[in-house]
Amino acid sequence: MDLLSAYRDMLRIRLFEESLLRCAKQGLVPGSIHPYTGQEAVAVGVLGARRPDEWVVSFYRCHGHALAAGCSPQRMMREILCRDGGLCGGKSGSMHLADRAHHLLGSTSIVAAQLPIAAGAAMSAQLDGAGRAVLVFCGDGALGAGGAYETLTIAAAQRLPLLVVCEDNGWQDQTASRWVRHLSPAQLVSGLDLPHVEVDGNDVEAVHDAATAALAACRSGAGPQVVVAHTYLRDFHAQLGDQPPRQYRPQEERQRWAARDPLTVAAGRIPADLTDLHAEVAAEIDELLLSALAAGTPDPATATTGVSVTTDLIGAHR
Amino acid sequence: MSRRHPAGVAIREAFTAQPMLSHFSTYQQEDLIAEYGADRMVRMPIAENAMLGMALGMALTGRRVLFSVNRVAFLFSAFDQLVNQVATWRYMTDGQFSVPLVIRGLTRGGEHLGAQHEHAPHGMLSQIPGLVVAVPGSPNALGGLLRTALQHPDPVVVLESPRLFAPTWSELPEPEPTAAALPFGVAGLARPGTDLTLVAIGNTVIESLLAAERLATRGIQARVVDLRTAAPLDRDGVAAMVVPDRPVILVDEQSRAGSVMTDLAYHLVCGGAARPEHVELLSGAGVPAPVSAALLDGLLPDAERIVRAALDNPAPLAQRR
Ligand SMILES: Cc1ncc(C[n+]2csc(CCOP(=O)(O)OP(=O)(O)O)c2C)c(N)n1
Ligand SMILES: [Mg+2]
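Reading guide: rules and limits
- Every chain is numbered independently, its residues counted from 1 as its sequence is written.
- Chain labels run from A onward and ligand labels from 1 onward, assigned in the order the entries are written.
- Restriction of local features to residues with pLDDT of at least 70 applies here, the model being predicted, together with a cutoff of 80 or more for giving and counting side-chain atom pairs; totals for whole chains, interfaces and linings are based on all residues.
- Processing note: side-chain calculations cover all non-hydrogen atoms of the structure and skip hydrogens and water entirely.
- The term salt bridge refers to a side-chain nitrogen of Lys or Arg lying within 4 Å of a carboxyl oxygen of Asp or Glu.
- Helix and strand labels come from DSSP, where a helix needs a run of H or I of at least four residues and a strand needs a run of E of at least two; each type is numbered from the N terminus.
- Categorising residues by exposure relies on relative accessible area from a 1.4 Å probe, with only protein chains included: less than 20% of the type maximum marks a residue as buried, more than 50% marks it as exposed, and the intermediate range marks it as partly exposed.
- Each axis is a line fitted through C-alpha atoms, taken for helices only over the stretch in contact, and angles between the N-to-C directions span 0 to 180 degrees.
- Here roughly perpendicular refers to angles of 65 to 115 degrees, roughly parallel to angles under 35, roughly antiparallel to angles over 145, and oblique to all remaining angles.
- By definition, turning the near helix anticlockwise from the far helix through less than a right angle yields a left-handed crossing, and turning it clockwise yields a right-handed one.
- Working rule for contacts: check all heavy atoms of both residues, and any pair within 4.5 Å makes them a contact.
- Polar here means any residue outside two lists: the nonpolar Ala, Val, Leu, Ile, Met, Phe, Trp, Tyr, Cys and Pro, and the charged Asp, Glu, Lys and Arg; Gly therefore counts as polar.
- What counts as buried area is the accessible surface, traced by a 1.4 Å probe, that two parts surrender upon association, with contributions from both included.
- Pairs of N or O atoms are called polar contacts if they sit within 3.5 Å, as long as, within protein, a hydrogen donor faces a hydrogen acceptor (for residues adjacent in sequence, only side-chain-to-side-chain pairs).
- Donor atoms are limited to N, O and S found within 2.8 Å of the metal ion, a distance that becomes 3.2 Å for Na, K and Ca. With water left out, some sites might look partial.
- UniProt positions are given in the numbering used here, feature names are shortened, and annotations may be inferred rather than shown by experiment.
- One heavy atom within 4 Å of a molecule or strand is enough for the residue carrying it to be called near that molecule or strand.
- All accessible-area figures derive from a Shrake-Rupley calculation using a 1.4 Å probe, and residue coverage is judged against the displayed protein chains alone.
- Two strands qualify as a pair provided DSSP detects at least 2 bridges between them.
- Buried Ala, Val, Leu, Ile, Met, Phe, Trp, Tyr and Cys residues that are joined via side-chain atoms within 4.5 Å together make up what is termed a nonpolar core.

K.L.:
So what about the pattern of salt bridges? Which residues, and what values?
P.N.:
Residues and elements named next belong to chain A. Summed over the entire model, instances satisfying the criterion amount to 29 salt bridges over all chains. A salt bridge links arginine 14 to glutamate 40, with the nearest nitrogen and oxygen atoms 2.6 Å apart. Linking arginine 14 in helix H1 (residues 3-25) with glutamate 40 in helix H2 (residues 40-47), this pair joins segments that are 26 residues apart in sequence. Classification of glutamate 40 as buried rests on a relative accessible area of 0%. Salt-bridge contacts for aspartate 261 lead to arginine 14; the nearest nitrogen and oxygen are separated by 2.9 Å. Of this pair, aspartate 261 sits in the loop between helix H10 (251-258) and helix H11 (262-267) while arginine 14 sits in helix H1, and the two are 247 residues apart along the sequence. For the pair aspartate 261 and arginine 14, one class covers both residues: buried. Each of Arg14, Glu40, Arg234 and Asp261 takes part in one network of salt bridges that share partners.

K.L.:
Give me the packing of helix H8 (residues 203-217) of chain B against helix H12 (residues 303-312) of chain B: which residues, what numbers.
P.N.:
Residue and element names in this part refer to chain B. Two elements in contact, H8 and H12, have axes whose closest approach is 8 Å; the angle formed by their N-to-C orientations is 55 degrees. Of the possible angle classes, the one that applies to H8 and H12 is oblique. Crossing hand, H8 versus H12: right-handed. Contact residues: H8 offers Glu207, Ser208, Leu210, Ala211, Arg214 and Leu215, while H12 offers Ala303, Glu304, Ile306, Val307, Ala310 and Leu311. For the contact of H8 with H12, the per-class residue count stands at eight nonpolar, one polar and three charged.

K.L.:
How would you explain the interface of chain A and chain B if you had to name every residue and give the values?
P.N.:
With 43 residues of chain A in contact, the opposing surface of chain B contributes 44 residues. In total, about 3000 Å² of surface goes out of reach between chain A and chain B, with carbon and sulfur atoms giving 62% of it. Summed over the shared surface of chain A and chain B, the number is ten residue pairs in polar contact (both at pLDDT 80 or more). Residues of the side of chain A that touches chain B, tallied by class, amount to 17 nonpolar, 21 polar and five charged.

K.L.:
Could you give an account of the coordination of the magnesium ion (ligand 2), with specific residues and numbers?
P.N.:
Residues and elements named next belong to chain A. Taken together, the protein donors to the magnesium ion (ligand 2) comprise Asp140 (OD), Asn169 (OD1) and Trp171 (O), at separations of 2.1 Å. Donor residues for the magnesium ion (ligand 2) sit on one chain with the sequence pattern D-x28-N-x1-W. Placement of the pair is aspartate 140 in the loop between strand S4 (134-139) and helix H6 (146-157) and tryptophan 171 in strand S6 (residues 171-172), with a sequence separation of 31 residues. The burial state of aspartate 140 is the same as that of tryptophan 171; both residues are buried.

K.L.:
Before we move on, could you go through the UniProt feature "domain: Dehydrogenase E1 component" (unreviewed entry) in chain A and cite the residues and values that matter?
P.N.:
Here, UniProt's "domain: Dehydrogenase E1 component" (unreviewed entry) annotation points to residues 9-265 of chain A. Regarding residues 9-265 of chain A, the helix share stands at 41% and the strand share at 16%, and the terminal C-alpha atoms are separated by 14 Å.

K.L.:
Can you explain the site of ligand 1? Please cite residues and give values.
P.N.:
Near ligand 1 you find 19 residues, and of these Tyr60, Arg61, Asp140 and Gly141 of chain A together with Glu48 of chain B are the closest. Each of chains A and B places residues next to ligand 1. A distance of 2.7 Å separates an oxygen atom of ligand 1 from a polar side-chain atom of arginine 61 of chain A. Within the contact set of ligand 1, an oxygen atom lies 2.8 Å away from a side-chain nitrogen or oxygen of aspartate 140 of chain A. Taken by itself ligand 1 offers 580 Å² of open surface, and the protein chains cover 96% of this. When the residues that make up the shell around ligand 1 are grouped by side-chain class, the tally is eight nonpolar, seven polar and four charged.

K.L.:
Quick one: what's the story with the sheet that holds strand S10 (residues 229-231) of chain B, residue by residue and with numbers?
P.N.:
Sheet strands associate in pairs through backbone hydrogen bonding, adopting either a parallel or an antiparallel arrangement. Residue and element names in this part refer to chain B. Taken together, seven strands build an open sheet; the order of strands is S2-S1-S3-S4-S6-S5-S10 and the sheet is mixed. Edge positions in the sheet fall to strand S2 (41-43) and S10, since each has one partner strand and no second. The average angle at which neighbouring strand axes cross in this sheet is 20 degrees, direction not considered. Looking at chain direction, strand S1 (residues 21-25) and S2 are connected through three bridges and run parallel. Directly across from phenylalanine 24, in S2, lies its bridge partner valine 42. Sheet strands touched by helix H1 (residues 6-17): S1, S2, strand S3 (64-71) and strand S4 (101-106). Its angle to S1, the strand with the most contacts, is close to 130 degrees.

K.L.:
So, the sheet that holds strand S9 (residues 225-230) of chain A: which residues are in play, and what are the values?
P.N.:
Residues and elements named next belong to chain A. Reading across the sheet, the six strands line up as S3-S2-S4-S5-S9-S8 and stay open at both edges, with parallel pairing between neighbours. Single-partner strands in this sheet number two, and they are strand S3 (104-108) and strand S8 (196-200). Put simply, the sheet's adjacent strands are angled 20 degrees from each other on average, direction ignored. In the sheet, strand S5 (residues 162-168) pairs with S9 via six bridges, with the strands oriented parallel. Residue pairing across strands places valine 165 opposite valine 227, the latter belonging to S9.

K.L.:
I'd like a rundown of the environment of aspartate 299 of chain A, residues and numbers included.
P.N.:
Residue and element names in this part refer to chain A. Of note, aspartate 299 is situated in the segment after helix H12 (275-294). Aspartate 299 gets classed as partly exposed once you look at its relative accessible area, which sits at 43%. Separated by 239 residues in sequence, aspartate 299 and tyrosine 60 place their C-alpha atoms 25 Å apart.

K.L.:
Let's hear about the nonpolar core: which residues, and what values?
P.N.:
Soluble globular proteins: nonpolar side chains tend toward being buried together. Of all hydrophobic cores here, the largest spans 69 residues; its most connected members are Phe16, Val46, Met77 and Leu163 of chain A. Not counting the four nearest positions on each side in its chain, valine 46 of chain A is found in contact with Ala41, Leu135, Phe137, Leu163, Val165, Val207 and Ala211 of chain A.

Here's what the structure looks like:
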């Protein structure tokens, strides 16, 4: 992989998210935002190994996945801010991005729901017989859900071309995963005898190598593969409204991970000076934010499109 | 804001009084763990179906569980346990067992979280035989309904609007004088009035009370009835409370498809409590919740729409005569 271009992609995600967090503080982001900051190497490393016609399925922490899948940052920004021209017309907001054109099947805000959906897409891919895999992201908390195991055992029995990328950041909202689970994600999937690999999720090259190998296995008919990426959220789980949440993780833990930030790790291997690149990407993000904020809001008439039953409108009495 | 939240007060009271009460949630407050112990305040993984099944198992063996599912949207991940197990066990065993179990879940209101987080499923849940569905319309009603739920021998779902917990919760209209226990299946008179009746549940209690204030500035006195529970539904109580020969506007944020309000309309009309031309149903649109406020605003009955419906209703308002 081209490390410099991977660095640029990670930086774009970082600055995109940071600008949205500033917007959120000003109350400009409707609903909640689950920033991807700190985990950029996972999305960029994995999606750099996917073919553009392979479906990606994501969850509420989807901005990084969508950007790395090639979705338009402008249309994403507009969707997240609920402005005209958003990817999903203002219906999805931050947590449910989907983009058919870039093979982002969708994102769900129900923990673990994406896993069986992705397995279904993988069964379609298997039937298509074109050697395509399906990629699905989940958090480590998703392995608390029964649906995760149901999906994994079916996928194994059917040898589905499914790559599961588990982003193990050690927390599920404000609950530490080790408080509620007796085994790590890798131990859990090895208990199911699934091919899996653990990788430093803050090292974009390591992630890329792991995903490349796992995807090759999926495409060649070896059945589902799991990549467990160890990583950490730089900011926090989520913000609802304009108040950033209080800190819920130990200071020492946060500092330890901050020293291993994925951008720092990658930059340490790039001999070039990155100052200009930072300025360039920052300018790009500033411009698309300004453009999104200048846009109007979606047409209210579209509120009832995209659904079969729309007869129960207010005031439609008598 | 010195007033303590009635929900928190009711919960602490129950945990102090009932040593057999446990709490299941993916998130536990440190202060409650310190006070009642981690063995009763159980931190759980994201496994709603298993949590609810376990809550049932504990309830059947002499304990009571409060299951805070956080968003009621996440209760849909536990529908087998809810519909096939929890709601049926007492009946199927011919009363050998009871199921003292309380599920708390947030509905929707002012948060813009979208279609997978925002639901007001009181009508849907009221169709499950065996469940009590409590839908508080104010902070005190929440405290009062929780108190009753935590004493009740059968399963209860408490549907809580996020508005009841917003930073400004204490400024909401408060029709209940105290947070004392409220009986299930007994609608409350949230505001007296003589010119028309607004029947409301959950969030629409708030909107109806705000609408009644605006109507009062025009000299129109709206009576507001709070259903308090969707199941049991207080059909006769509401019939007895409506202002005779005046408009009856049934206000619901869920769509009218198979709703508690269509049920009530049928009962009011067939029972002779209201004339068909006086009865109006003001309901939410039957579409999933969009995140955008520009889209959402047109889909829910708010105070302004209630005022307009009151003024447009063909039935006589006392003022007009
Ligand atoms: C079925 C369900 N239960 C509960 C929630 C509330 N919830 C949202 S995110 C989250 C934590 C998930 O943690 P994890 O899977 O590790 O992903 P992360 O947020 O750490 O990326 C919880 C409990 C939910 N969205 N869906
Ligand atoms: Mg996590």
